[in-house]
Structures are given as structure tokens and as C-alpha cells.
Amino acid sequence: MPQTQNKPIAVVALCGSLREGSSTHAALRIALSGAEEVGAAVELLELGAYQLVFQGSVSNEADYPPDVFALREKVKRADGILLGSPEYHGSFSGVLKSALDLMGFAEFEDKVIGLVGVSGGRMGAANALSMLRIVGTALRAWVVPNDVSIPRSSEAFDAHGNLHDAELAARVKSVGRDVALFAAMHNQTPEQKT
Ligand SMILES: Cc1cc2nc3c(=O)[nH]c(=O)nc-3n(C[C@H](O)[C@H](O)[C@H](O)COP(=O)(O)O)c2cc1C
């Protein structure tokens, strides 16, 4: 079981779609179950439940709504982070970008992160994923090599949020599992590593 200082590894997920019945949300749930299966404590942070602001729209940070600080704190406490986004106009969603822009190195530096993308079209979410990879690197996080894209999202899931394609589901799970396992390895003290 991956642990850090005798606590289970904590993995949170941020979802770049606020849509009811979002397939990104469903995909992140599957990825989190992969982290949970190897013993991580997991939480999907619902961005819609937080009262956020656009970066720069409030001149003094002290005047930010408390939810901004609450979200930052949840991410700061996590050992691993999953970022999920729909492909929107050849990139990742503004909802996720806006949330990320309220955070920085304090939340992401040296964390292990994993990426999950969904797209309406058959070409997948490769652009969203590669741009999120760049953002992860800019935030000095360790982005796991194994990311996953779910094309044709409207047909990919059943009514319970499960993927029809078992191989794809296993791959989504493996992203969550890798984040938990690499975060555990990354957090080991030098003594534990020997
Ligand atoms: C503003 C917008 C832009 C989109 N751009 C693309 C796109 O470039 N490529 C694509 O395959 N699908 C595109 N889609 C479709 C979404 O990727 C698809 O509906 C996805 O399932 C939405 O994620 P969700 O189910 O988590 O809300 C777009 C949808 C919206 C609303």
C-alpha cells in the first residue's frame, strides 16, 4: 500500500468540465479507482462547488473568496494530482485553466500528476493532454508518461459512467494507479529507498 510518513498517499482529481453527466468526470472516477485499488486516499474536487474568481480579477489576494484558499489547501495536501479535461477547440478547458491559474508551485512543485482527456470527436484529446503536460512541467510537477484519451465520449460510457471498452478502462485506471505508486516512491526518504 503506498504510504508517506505512515499516512496513505493522497490523490485528488480536478475536473475540467462542470457539465452534468460529464464524461471527464466519469473518466476521473475510474482513474481514481485505480489509485484507490493500490491503497491511496482519493477525492474528486468538484470545481463547480467552489466559488472561484478569475486570476487578476480581484487585485488583493486577501479579498479572494475563502473557497480559493480551500481549493489550494486540498491540492497542496495531495501527494498526487489527476487533471481531467475535455478537448475544447484543440486545447484543454478554460474551467481547468482558470482553476490552475489560481494555483502555482506551492500546490504543484514536486508533485506527481496524471492526465486524462476526453473528446467528442474520433481524434481524441491529444491536444488537451499535450498542453496539460506543458502546464505540469511549467509548474515543476512530474507528469507520469502514461496518459489516456477517450474519443467519441458520448458513445464511450454506459449509463453508470463505466467505459464500454474494457481495455480503455484498464488504461484509465492505470493512470490513477501510476500517480499513486510514483507519488509513494517519490515521497520515500533516502533510507526507505535503500
Ligand atoms: C466549447 C467546446 C469545444 C469543443 N471542442 C472540441 C474539439 O476541438 N474536438 C473534439 O473532439 N471535441 C470537442 N468538443 C466536444 C467535447 O470534447 C465533448 O463533448 C466532451 O465530452 C465534453 O466533455 P464532458 O463530457 O466532460 O463535458 C468541444 C465541446 C465544447 C463545448
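Quantities reported herein were computed from a predicted structural model and do not represent experimental measurements.

Chemist: Got a sec to walk through the overall build of the protein? Specific residues and values, please.
Modeler: Regarding its fold elements, the protein presents eight helices and eight strands. A principal-axis box enclosing the C-alpha atoms of the protein has dimensions of 50 × 45 × 25 Å. Relative to its 194 residues, the protein shows a buried fraction of 43%. Summarising the internal contacts of the protein: among those between residues at least 6 apart in sequence, 79% fall at separations of at least 24.

Chemist: Go over the site of the ligand with me, naming the residues and quoting the values.
Modeler: Around the ligand sit 16 residues, and of these S17, T24, P86, G120 and G121 come closest. Within the shell around the ligand, the residues separate by chemical class into four nonpolar, 10 polar and two charged.

Chemist: Which residues make up helix α1 (residues 23-37), and what values go with them?
Modeler: An ideal rise of 1.5 Å per residue puts 21 Å on 15 residues; α1 measures up with 21 Å between its terminal C-alpha atoms. Looking only at α1, the buried set comprises S23, T24, H25, A26, A27, L28, I30, A31, L32, G34 and A35. In the stretch just after α1, G39 is the one whose phi turns positive, near 100 degrees.

Chemist: Describe the nonpolar core, and please don't skip the residues or the numbers.
Modeler: Ranked by size, the top nonpolar core spans 55 residues in total, and within it V11, A31, L82 and V179 carry the most contacts. Of the residues forming this core, the biggest block, nine residues, is contributed by helix α7 (residues 166-187). Not counting residues within four places of it along the chain, the set of residues in contact with V179 comprises V11, A35, G80, L82, V112, I113, G114 and V144.

Chemist: Lay out the environment of I9 in plain terms, naming residues and giving numbers.
Modeler: On the secondary structure map, I9 appears in the loop between β2 (7-8) and β3 (10-15). C-alpha separation for the pair I9 and L163, spaced 154 residues apart in sequence, amounts to 26 Å.

Chemist: Pulling in residues and values, what's your account of the packing of α1 against α7?
Modeler: Orientation of α1 relative to α7, taken along the N-to-C sense of each, is 50 degrees, at an axis distance of 6 Å. If you check the angle between α1 and α7, you find them oblique. Our pair here, α1 against α7, has a crossing hand that is right-handed. On α7, the residues touching A27, I30, A31, L32, S33, G34, A35 and E37 of α1 are A169, V172, K173, S174, V175, G176, R177, V179 and A180. Looking at the contact of α1 with α7 residue by residue, the class counts come to 10 nonpolar, four polar and three charged.

The rules we used
Residues numbered from 1 in each chain as written. Predicted model: local features only at pLDDT ≥ 70, side-chain atom pairs only at ≥ 80, totals over all residues. Helix = DSSP H or I, 4+ residues; strand = E, 2+ residues; numbered from the N terminus. Buried ≥ 20, exposed ≤ 12 C-beta atoms within 10 Å, placed from the backbone. Contact = placed C-beta atoms within 7 Å. Near = placed C-beta within 6 Å. Nonpolar A, V, L, I, M, F, W, Y, C, P; charged D, E, K, R; others polar. Expected span 1.5 Å × (residues − 1). Core = buried A, V, L, I, M, F, W, Y, C linked by C-beta atoms within 7 Å. Axes fitted to C-alpha atoms, helices over the stretch in contact; angles between N-to-C directions. Parallel < 35°, antiparallel > 145°, perpendicular 65-115°, else oblique. Left-handed = near helix turned anticlockwise from the far one by under 90°.

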